[in-house]
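# Examination of the molecular architecture
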Amino acid sequence: MPNSNRLATHAGSWYTDSGAELNRQLNGWLNDADLTFGPARAIIAPHAGYRYCGACGAWAYRQISPAVVKRVFILGPSHHVRLSRCALSAVQYCNTPLYNLKVDQQINQQLESTGHFKWMDQKTDEDEHSIEMHLPYVAKVMEDYKDQFTIVPVMVGSITNEWEETYGKIFAPYLADPQNLFVISSDFCHWGQRFRYTYYEEGSGPIYKWIETLDKMGMDLIETLKADSFSEYLRKYNNTICGRHPIGVLMQAVEELKRRGHRMSFKFLKYDQSNQCCDKKDSSVSYASGSLIFE
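Residues numbered from 1 in each chain as written. Predicted model: local features only at pLDDT ≥ 70, side-chain atom pairs only at ≥ 80, totals over all residues. Heavy atoms only, no water.

Naming follows an unreviewed UniProt entry, where the protein appears as Protein MEMO1 of Anopheles melas. Database annotation for the protein, UniProt heading Sequence similarities (unreviewed entry): "Belongs to the MEMO1 family." (UniProt positions renumbered as here; feature names shortened; annotations may be inferred.)

Here you go:
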(Lines give C-alpha, C1' and ligand atoms only; values in the text may rest on other atoms or scores of the structure.)
Protein backbone atom coordinates (compact mmCIF):
# COMPACT_ATOMS: atom_id res chain seq x y z
CA MET A 1 0.00 0.00 0.00
CA PRO A 2 1.33 3.46 -0.80
CA ASN A 3 2.26 5.42 2.29
CA SER A 4 4.27 8.22 0.81
CA ASN A 5 3.91 11.88 -0.07
CA ARG A 6 4.71 13.31 -3.47
CA LEU A 7 6.98 16.29 -2.86
CA ALA A 8 6.25 19.65 -4.52
CA THR A 9 9.43 19.35 -6.60
CA HIS A 10 8.74 22.42 -8.79
CA ALA A 11 7.98 24.77 -5.86
CA GLY A 12 10.74 27.35 -5.52
CA SER A 13 11.35 27.40 -9.28
CA TRP A 14 8.18 27.11 -11.38
CA TYR A 15 6.12 28.76 -8.62
CA THR A 16 6.87 30.14 -5.17
CA ASP A 17 7.46 27.74 -2.27
CA SER A 18 6.05 30.28 0.19
CA GLY A 19 2.46 29.37 1.09
CA ALA A 20 1.61 32.98 2.02
CA GLU A 21 3.02 34.40 -1.22
CA LEU A 22 1.38 31.67 -3.32
CA ASN A 23 -1.97 32.31 -1.64
CA ARG A 24 -1.64 36.03 -2.40
CA GLN A 25 -0.76 35.41 -6.08
CA LEU A 26 -3.56 32.92 -6.67
CA ASN A 27 -6.06 35.22 -4.94
CA GLY A 28 -5.02 38.07 -7.18
CA TRP A 29 -5.30 36.08 -10.40
CA LEU A 30 -8.65 34.56 -9.43
CA ASN A 31 -10.03 38.00 -8.50
CA ASP A 32 -9.00 39.32 -11.93
CA ALA A 33 -10.89 36.53 -13.74
CA ASP A 34 -14.64 36.55 -14.37
CA LEU A 35 -17.11 33.77 -13.60
CA THR A 36 -19.03 33.51 -16.89
CA PHE A 37 -19.18 29.81 -17.78
CA GLY A 38 -19.79 27.63 -14.74
CA PRO A 39 -20.18 25.53 -12.82
CA ALA A 40 -17.36 23.72 -14.61
CA ARG A 41 -17.47 19.93 -14.77
CA ALA A 42 -14.13 19.96 -16.58
CA ILE A 43 -11.54 22.62 -17.36
CA ILE A 44 -8.59 22.88 -19.73
CA ALA A 45 -5.77 24.96 -18.27
CA PRO A 46 -2.02 25.45 -18.82
CA HIS A 47 0.89 24.00 -16.85
CA ALA A 48 3.81 26.40 -17.38
CA GLY A 49 5.56 28.45 -14.71
CA TYR A 50 3.06 30.69 -12.94
CA ARG A 51 4.80 33.90 -14.05
CA TYR A 52 3.90 32.89 -17.62
CA CYS A 53 0.45 31.35 -17.21
CA GLY A 54 -0.81 31.86 -13.65
CA ALA A 55 -3.12 34.67 -14.74
CA CYS A 56 -4.45 32.70 -17.73
CA GLY A 57 -5.10 29.56 -15.67
CA ALA A 58 -7.24 31.52 -13.21
CA TRP A 59 -9.91 31.97 -15.90
CA ALA A 60 -10.51 28.19 -15.90
CA TYR A 61 -10.32 27.77 -12.13
CA ARG A 62 -12.72 30.69 -11.59
CA GLN A 63 -15.52 28.62 -13.20
CA ILE A 64 -15.41 25.92 -10.49
CA SER A 65 -18.10 25.68 -7.79
CA PRO A 66 -16.13 24.04 -4.97
CA ALA A 67 -19.14 23.24 -2.75
CA VAL A 68 -20.27 20.36 -4.97
CA VAL A 69 -16.85 18.88 -5.77
CA LYS A 70 -15.76 15.73 -3.94
CA ARG A 71 -13.10 14.47 -6.35
CA VAL A 72 -10.71 16.17 -8.74
CA PHE A 73 -9.30 14.10 -11.62
CA ILE A 74 -6.15 15.71 -13.05
CA LEU A 75 -5.10 14.41 -16.48
CA GLY A 76 -1.68 15.58 -17.62
CA PRO A 77 0.69 14.57 -20.43
CA SER A 78 4.02 12.86 -19.90
CA HIS A 79 7.02 15.05 -20.78
CA HIS A 80 9.91 12.81 -19.71
CA VAL A 81 9.01 9.12 -19.89
CA ARG A 82 7.74 7.09 -22.80
CA LEU A 83 4.29 5.87 -21.91
CA SER A 84 1.82 4.21 -24.28
CA ARG A 85 -1.03 4.00 -21.75
CA CYS A 86 -2.25 6.01 -18.77
CA ALA A 87 -0.58 5.77 -15.35
CA LEU A 88 -1.85 6.35 -11.82
CA SER A 89 -0.06 7.94 -8.88
CA ALA A 90 1.05 5.49 -6.18
CA VAL A 91 1.38 8.08 -3.41
CA GLN A 92 -1.11 8.85 -0.63
CA TYR A 93 -0.70 12.63 -0.61
CA CYS A 94 0.54 15.29 -2.99
CA ASN A 95 2.24 18.13 -1.13
CA THR A 96 1.66 21.79 -1.99
CA PRO A 97 2.89 24.93 -0.19
CA LEU A 98 -0.76 25.57 0.81
CA TYR A 99 -1.75 22.14 2.18
CA ASN A 100 -1.43 18.51 1.13
CA LEU A 101 -3.95 16.88 -1.18
CA LYS A 102 -5.21 13.35 -0.54
CA VAL A 103 -5.05 10.86 -3.42
CA ASP A 104 -8.21 8.78 -3.84
CA GLN A 105 -7.09 5.16 -3.32
CA GLN A 106 -10.58 3.79 -3.96
CA ILE A 107 -10.86 5.39 -7.41
CA ASN A 108 -7.30 4.28 -8.18
CA GLN A 109 -8.34 0.70 -7.46
CA GLN A 110 -11.45 1.02 -9.63
CA LEU A 111 -9.35 2.35 -12.52
CA GLU A 112 -6.65 -0.28 -12.03
CA SER A 113 -9.29 -3.01 -12.16
CA THR A 114 -10.00 -2.11 -15.82
CA GLY A 115 -6.57 -3.55 -16.66
CA HIS A 116 -5.68 -0.46 -18.71
CA PHE A 117 -3.64 1.58 -16.21
CA LYS A 118 0.00 1.41 -15.16
CA TRP A 119 1.49 2.94 -12.00
CA MET A 120 3.98 5.81 -11.93
CA ASP A 121 7.00 5.29 -9.72
CA GLN A 122 7.69 8.18 -7.38
CA LYS A 123 10.58 9.61 -9.42
CA THR A 124 8.44 9.71 -12.60
CA ASP A 125 5.63 11.30 -10.60
CA GLU A 126 7.88 13.96 -9.04
CA ASP A 127 9.78 14.75 -12.27
CA GLU A 128 6.59 15.52 -14.18
CA HIS A 129 5.27 19.09 -13.93
CA SER A 130 2.04 18.78 -15.95
CA ILE A 131 -0.02 17.58 -12.98
CA GLU A 132 1.90 19.34 -10.19
CA MET A 133 1.33 22.80 -11.68
CA HIS A 134 -2.41 22.33 -11.11
CA LEU A 135 -2.18 21.21 -7.48
CA PRO A 136 -1.80 24.68 -5.89
CA TYR A 137 -4.76 25.97 -7.93
CA VAL A 138 -6.88 22.96 -6.92
CA ALA A 139 -5.86 23.48 -3.27
CA LYS A 140 -6.73 27.18 -3.52
CA VAL A 141 -10.20 26.89 -5.07
CA MET A 142 -11.07 23.98 -2.73
CA GLU A 143 -9.62 25.55 0.45
CA ASP A 144 -12.99 25.88 2.24
CA TYR A 145 -13.50 22.11 1.81
CA LYS A 146 -9.94 20.94 2.31
CA ASP A 147 -10.75 17.75 4.24
CA GLN A 148 -13.76 16.87 2.12
CA PHE A 149 -12.29 16.03 -1.28
CA THR A 150 -9.68 13.79 -2.91
CA ILE A 151 -7.61 13.96 -6.10
CA VAL A 152 -6.97 11.41 -8.85
CA PRO A 153 -3.75 12.28 -10.73
CA VAL A 154 -3.51 10.49 -14.11
CA MET A 155 -0.50 10.68 -16.42
CA VAL A 156 -1.63 10.28 -20.03
CA GLY A 157 0.93 8.76 -22.38
CA SER A 158 1.33 9.16 -26.15
CA ILE A 159 -1.78 7.13 -26.85
CA THR A 160 -3.52 6.41 -30.15
CA ASN A 161 -6.97 7.74 -31.04
CA GLU A 162 -8.32 4.25 -30.31
CA TRP A 163 -6.88 4.37 -26.79
CA GLU A 164 -8.23 7.89 -26.29
CA GLU A 165 -11.64 6.41 -27.05
CA THR A 166 -11.10 3.48 -24.65
CA TYR A 167 -10.05 5.81 -21.82
CA GLY A 168 -12.86 8.22 -22.70
CA LYS A 169 -15.37 5.41 -22.14
CA ILE A 170 -13.71 4.52 -18.83
CA PHE A 171 -13.83 8.12 -17.57
CA ALA A 172 -17.31 8.94 -18.96
CA PRO A 173 -19.33 7.70 -15.93
CA TYR A 174 -17.04 9.72 -13.63
CA LEU A 175 -17.49 12.83 -15.79
CA ALA A 176 -21.28 12.34 -15.61
CA ASP A 177 -21.16 12.67 -11.80
CA PRO A 178 -21.54 16.32 -10.67
CA GLN A 179 -19.36 15.57 -7.63
CA ASN A 180 -16.37 15.05 -9.92
CA LEU A 181 -14.26 17.73 -11.57
CA PHE A 182 -11.83 17.03 -14.41
CA VAL A 183 -8.72 19.20 -14.85
CA ILE A 184 -7.14 18.73 -18.28
CA SER A 185 -3.56 19.97 -18.31
CA SER A 186 -2.30 21.40 -21.59
CA ASP A 187 -0.35 24.24 -23.08
CA PHE A 188 -1.02 25.19 -26.68
CA CYS A 189 1.42 25.96 -29.52
CA HIS A 190 5.13 25.62 -28.73
CA TRP A 191 6.60 27.62 -31.61
CA GLY A 192 10.25 28.11 -32.52
CA GLN A 193 13.41 26.25 -33.45
CA ARG A 194 13.93 24.98 -29.91
CA PHE A 195 10.58 23.20 -30.18
CA ARG A 196 11.33 22.02 -33.74
CA TYR A 197 8.11 23.66 -34.87
CA THR A 198 8.28 26.73 -37.11
CA TYR A 199 5.24 26.20 -39.35
CA TYR A 200 4.01 29.48 -40.78
CA GLU A 201 1.58 30.22 -43.60
CA GLU A 202 2.90 33.04 -45.77
CA GLY A 203 0.76 36.17 -45.77
CA SER A 204 -0.54 35.55 -42.25
CA GLY A 205 0.98 38.74 -40.81
CA PRO A 206 3.33 38.72 -37.81
CA ILE A 207 4.29 35.23 -36.63
CA TYR A 208 2.51 35.65 -33.28
CA LYS A 209 -0.73 36.44 -35.11
CA TRP A 210 -0.36 33.29 -37.20
CA ILE A 211 0.25 31.25 -34.01
CA GLU A 212 -2.94 32.69 -32.54
CA THR A 213 -4.87 31.84 -35.72
CA LEU A 214 -3.52 28.28 -35.59
CA ASP A 215 -4.33 27.87 -31.87
CA LYS A 216 -7.81 29.35 -32.26
CA MET A 217 -8.60 26.91 -35.08
CA GLY A 218 -7.89 24.09 -32.62
CA MET A 219 -9.75 25.81 -29.79
CA ASP A 220 -12.81 26.29 -32.02
CA LEU A 221 -12.78 22.57 -32.84
CA ILE A 222 -12.51 21.65 -29.14
CA GLU A 223 -15.55 23.87 -28.54
CA THR A 224 -17.55 21.82 -31.08
CA LEU A 225 -16.85 18.78 -28.81
CA LYS A 226 -16.28 16.64 -31.92
CA ALA A 227 -13.26 14.49 -31.14
CA ASP A 228 -12.62 13.45 -34.76
CA SER A 229 -12.36 16.99 -36.10
CA PHE A 230 -9.80 17.90 -33.41
CA SER A 231 -7.73 14.79 -34.29
CA GLU A 232 -7.88 15.72 -37.95
CA TYR A 233 -6.69 19.25 -37.18
CA LEU A 234 -3.72 17.82 -35.23
CA ARG A 235 -2.83 15.54 -38.14
CA LYS A 236 -3.08 18.41 -40.61
CA TYR A 237 -1.11 21.11 -38.76
CA ASN A 238 0.73 19.00 -36.18
CA ASN A 239 0.27 21.90 -33.75
CA THR A 240 2.47 21.29 -30.71
CA ILE A 241 -0.36 21.12 -28.17
CA CYS A 242 1.36 19.09 -25.46
CA GLY A 243 -1.87 18.00 -23.77
CA ARG A 244 -3.44 16.77 -27.02
CA HIS A 245 -3.97 13.29 -25.52
CA PRO A 246 -5.58 14.40 -22.22
CA ILE A 247 -7.79 16.71 -24.33
CA GLY A 248 -8.57 13.76 -26.63
CA VAL A 249 -9.56 11.59 -23.66
CA LEU A 250 -11.91 14.32 -22.37
CA MET A 251 -13.47 14.77 -25.81
CA GLN A 252 -14.04 11.02 -26.15
CA ALA A 253 -15.65 10.92 -22.68
CA VAL A 254 -17.93 13.75 -23.82
CA GLU A 255 -18.76 11.85 -27.05
CA GLU A 256 -19.72 8.80 -24.97
CA LEU A 257 -21.99 10.91 -22.72
CA LYS A 258 -23.58 12.59 -25.76
CA ARG A 259 -24.54 9.11 -26.98
CA ARG A 260 -26.21 8.57 -23.59
CA GLY A 261 -28.25 11.76 -23.98
CA HIS A 262 -26.24 14.25 -21.93
CA ARG A 263 -25.94 17.82 -23.23
CA MET A 264 -22.71 19.71 -22.65
CA SER A 265 -20.95 22.78 -23.96
CA PHE A 266 -17.37 23.95 -23.85
CA LYS A 267 -16.02 27.49 -24.04
CA PHE A 268 -12.52 28.96 -23.99
CA LEU A 269 -12.37 32.08 -21.83
CA LYS A 270 -8.74 33.22 -22.04
CA TYR A 271 -5.83 32.98 -24.45
CA ASP A 272 -2.27 34.14 -23.94
CA GLN A 273 1.27 33.75 -25.27
CA SER A 274 4.51 33.76 -23.27
CA ASN A 275 5.80 36.41 -25.69
CA GLN A 276 5.16 37.65 -29.21
CA CYS A 277 7.18 35.97 -31.99
CA CYS A 278 8.10 38.35 -34.79
CA ASP A 279 11.10 36.54 -36.18
CA LYS A 280 12.07 32.96 -37.13
CA LYS A 281 14.61 33.05 -34.27
CA ASP A 282 11.95 33.80 -31.65
CA SER A 283 10.03 31.21 -29.66
CA SER A 284 6.85 31.21 -27.59
CA VAL A 285 4.38 28.97 -25.80
CA SER A 286 0.63 29.61 -25.93
CA TYR A 287 -1.86 29.10 -23.10
CA ALA A 288 -5.64 28.67 -23.21
CA SER A 289 -8.19 28.23 -20.41
CA GLY A 290 -11.69 26.89 -20.89
CA SER A 291 -14.63 25.28 -19.14
CA LEU A 292 -17.03 22.42 -19.86
CA ILE A 293 -20.54 22.68 -18.45
CA PHE A 294 -23.51 20.30 -18.44
CA GLU A 295 -26.79 21.79 -19.59
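## A short note on the overall build of the protein
Of the regular secondary structure elements, the protein holds nine helices and 12 strands. By the compact-globule yardstick of 19 Å for 295 residues, the protein fits well, its C-alpha radius of gyration being 18 Å. C-alpha extents for the protein along the principal axes are approximately 55 × 45 × 40 Å. Buried positions account for 56% of the 295 residues belonging to the protein. Contacts spanning at least 24 positions in sequence make up 82% of the contacts within the protein whose residues lie at least 6 apart. As displayed, the protein offers around 12,700 Å² of accessible surface, 46% of which is attributable to carbon and sulfur atoms. (Helix = DSSP H or I, 4+ residues; strand = E, 2+ residues; numbered from the N terminus. Rg over C-alpha atoms; globule rule 2.2 N^0.38 Å. Buried < 20%, exposed > 50% of the residue type's maximum accessible area, 1.4 Å probe, protein only. Contact = heavy atoms within 4.5 Å. Areas by Shrake-Rupley, 256 points an atom, 1.4 Å probe, with all protein chains shown as cover.)

## Quick look at the sheet that holds strand β6 (residues 101-102)
Spatial ordering of the open sheet is given by β1-β5-β6, a layout of three strands whose pairing is mixed. In this open sheet, the two strands that pair with only one neighbour each are β1 (5-6) and β6. When strand β5 (residues 93-94) meets β6, the two strands line up antiparallel, connected through two bridges. Looking at β6, one finds that Y93 is bridged to K102. (Pairing = 2+ DSSP bridges.)

## Structural notes on the environment of T36
When you line up the elements, T36 lands in the loop between α1 (19-32) and β2 (42-45). Beyond its immediate stretch of four places on either side in the chain, T36 contacts Q63 and L269.

## Let's talk about the nonpolar core
The biggest cluster of nonpolar side chains holds 55 residues, and the ones touching the most others in it are F171, L175 and L292. Apart from the residues within four sequence positions on either side, F171 is in contact with F73, L75, L111, F117, V154, F182 and V249. A33, F37, I64 and L269 belong to the second-largest nonpolar core, a separate cluster that totals 43 residues. (Core = buried A, V, L, I, M, F, W, Y, C linked by side-chain atoms within 4.5 Å.)

## Concerning the packing of helix α8 (residues 227-237) against helix α9 (residues 244-259)
Close contact between α8 and α9 brings their axes to 9 Å; oriented N to C, the two are set at 155 degrees. By the angle class used here, α8 and α9 are roughly antiparallel. Contacts from A227, D228, F230 and L234 in α8 reach R244, I247, M251, Q252 and E255 in α9. Its residues assigned to classes, the contact of α8 with α9 shows five nonpolar, one polar and three charged. (Axes fitted to C-alpha atoms, helices over the stretch in contact; angles between N-to-C directions. Parallel < 35°, antiparallel > 145°, perpendicular 65-115°, else oblique. Nonpolar A, V, L, I, M, F, W, Y, C, P; charged D, E, K, R; others polar.)

## With respect to the environment of D279
Of note, D279 is situated in the loop between β11 (264-273) and β12 (284-294). According to the relative accessible area criterion, D279 is partly exposed, its value standing at 32%. In this structure, the C-alpha to C-alpha distance between D279 and G192, residues 87 residues apart in sequence, is 9.2 Å. Leaving out residues up to four positions away in the same chain, D279 has contacts with W191 and I207.

## Observations regarding the packing of aromatic side chains
What the rule picks out here adds up to 18 aromatic pairs. Centre to centre, the rings of F266 and F268 are 5.0 Å apart; their planes meet at 65 degrees, and the pair counts as edge-to-face. The pair F266 / F268 is uniform in exposure class, with both members buried. An aromatic cluster is present here, built from F73, F117, W163, Y167, F171, Y174 and F182 joined pairwise through their rings. The lysine or arginine in question, K146, covers the ring of Y99, its NZ or CZ lying 4.8 Å from the ring centre. (Phe/Tyr/Trp six-rings, centres within 6.5 Å; stacked < 30°, edge-to-face > 60°. Lys NZ or Arg CZ within 6 Å of the ring centre and 35° of its normal.)

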